[in-house]
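Take a look at the letters that make up each chain.
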Amino acid sequence: MALNPTVSAVLFDLDGTLLDTAPDLVFAANAALAEADIPPRSVDELKPCISGGIAVMLRCALNEDDKSALFQRVLQRTLELYQVHVADRTRFFDGVELVLDELERRGIPWGIVTNKMSRFTDPLLAKLNLADRTDCIISGDTTAEKKPRPLPLLEASRRLQRAPKECVYVGDAPGDVEAGRRAGMTTLTALYGYIAADQEPCNWGADGLLTAPGDLLLWLDGALP
């Protein structure tokens, strides 16, 4: 078990924390934009918007009201394309696989809590051989509420058979920290994730900051504040 006496389970956000999903998301968005004769956007431009979901990402790409016919058409096409190409370019962040290996070696259960809908989450995790490896998968439609509401995290702790106070939630967005705190969990912010240059994650209220995935192990061992 972890040397940190307060934590016996780890929960991860998906996009921007466990997996670098930006290449596939931006590909789908740009393909849909091209069909609408709209110039493409760079990965760096759209990456900070990904934590809010595909609709929020498209708001960053389109100067359109999200109720407009154009926005809705591009949104639906992006969703269609993303479902087909959900795991073409997605990869683990460097060091994540080693962290998961070590958690499993220590017997520490770990799970995933994401706002990504299950029609995307399930094939993505299956393609990367995570579906049978993780102890818990909570998608955006698993519970009646999404983050930053605490219900998804509370359901995850129930499935892991751990009290919320025994869980640490790792994410890369303010809503991740808020959800974790409202659920009564310890929270850590993944600074390597999809964080915009003008954001100040040190002010989000997390219990710790991770510069790289491997820092989680140092934190569990009490070697990182």
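Residues numbered from 1 in each chain as written. Predicted model: local features only at pLDDT ≥ 70, side-chain atom pairs only at ≥ 80, totals over all residues. Heavy atoms only, no water.

Secondary structure assignment for the protein yields 9 helices and 8 strands. A globule of 225 residues ought to have a C-alpha radius of gyration of about 17 Å, and the protein, at 17 Å, matches this closely. Each principal axis of the C-alpha atoms in the protein carries an extent, and together these give about 55 × 35 × 30 Å. Here the protein, with 225 residues, has 51% of them falling under the buried criterion. Relative to all contacts within the protein whose residues are 6 or more apart in sequence, the contacts with residues 24 or more apart total 65%. Put simply, the protein shows about 10,200 Å² of open surface, and 50% of that area lies on carbon and sulfur atoms. Between the mean site of the 23 positive side-chain charges and the mean site of the 33 negative ones, the protein shows a separation of 4 Å. (Helix = DSSP H or I, 4+ residues; strand = E, 2+ residues; numbered from the N terminus. Rg over C-alpha atoms; globule rule 2.2 N^0.38 Å. Buried < 20%, exposed > 50% of the residue type's maximum accessible area, 1.4 Å probe, protein only. Contact = heavy atoms within 4.5 Å. Areas by Shrake-Rupley, 256 points an atom, 1.4 Å probe, with all protein chains shown as cover. Lys, Arg positive; Asp, Glu negative; His and termini not counted. Charge placed at Lys NZ, Arg CZ, Asp CG, Glu CD.)

This paragraph deals with helix H8 (residues 174–182). Among all positions of H8, only Asp176, Val177, Ala179 and Gly180 are buried. Looking down the long axis of H8, one finds its buried residues gathered within 165° of arc, a one-sided arrangement. In this fold, the buried residues of H8 make contact with helix H7 (151–160), strand E6 (167–171) and strand E7 (186–190). Once H8 ends, the next one or two residues include glycine 184, with phi positive near 85°. (Arc of directions from axis to C-beta.)

Turning our attention to the pairing of strand E1 (residues 9–12). The alternating pattern of E1 places Ala9 and Leu11 and Val10 and Phe12 on opposite faces, both of which are buried. Bridge count for E1 against E6 is 4 bridges, and the pairing is parallel. Of the residues in E6, the one forming a bridge with valine 10 is valine 168. Relative to strand E4 (residues 110–113), E1 runs parallel, the two sharing 3 bridges. Looking at E4, one finds that leucine 11 is bridged to glycine 111. (Pairing = 2+ DSSP bridges.)

Now for the side chain of aspartate 15. Tracing the chain through its elements places aspartate 15 in the loop between E1 and strand E2 (19–20). Residue classification places aspartate 15 among the buried positions, given a relative accessible area of 10%. At 2.9 Å, the side chain of aspartate 15 forms a polar contact with the side chain of lysine 116. The contact partners of aspartate 15, leaving out residues within four places of it in the chain, are Thr21, Leu25, Ile50, Thr114, Lys116, Asp172 and Tyr194. (Polar contact = N/O pair within 3.5 Å; in protein donor to acceptor, adjacent residues only side chain to side chain.)

Glancing now at the pattern of salt bridges. All chains considered together, the criterion is met by 16 salt bridges. Between arginine 77 and glutamate 35 there is a salt bridge whose closest N-O contact spans 2.9 Å. Of this pair, arginine 77 sits in helix H4 (residues 69–84) while glutamate 35 sits in helix H1 (residues 22–35), and the two are 42 residues apart along the sequence. Exposure remark for arginine 77: the relative accessible area of 28% places this residue in the partly exposed category. Measuring nitrogen to oxygen at the nearest pair gives 2.5 Å for the salt bridge that ties aspartate 101 to arginine 133. Placement of the pair is aspartate 101 in helix H5 (residues 96–106) and arginine 133 in the loop between helix H6 (118–127) and strand E5 (136–138), with a sequence separation of 32 residues. Overlapping salt bridges, with partners in common, bring together Glu102, Arg105, Arg106 and Asp221 in one network. (Salt bridge = Lys/Arg side-chain N within 4 Å of Asp/Glu carboxyl O.)

Pairing within the open sheet is parallel, and its 6 strands lie in the order E5-E4-E1-E6-E7-E8. Strands at the two margins of the open sheet, each flanked by one partner only, are E5 and strand E8 (208–210). When strand polarity is set aside, the average angle formed by the axes of neighbouring strands in this sheet is 25°. Sheet analysis places E7 next to E8, joined by 3 bridges and oriented parallel. The partner of leucine 188 across the bridge, within E8, is glycine 208. (Axes fitted to C-alpha atoms, helices over the stretch in contact; angles between N-to-C directions.)

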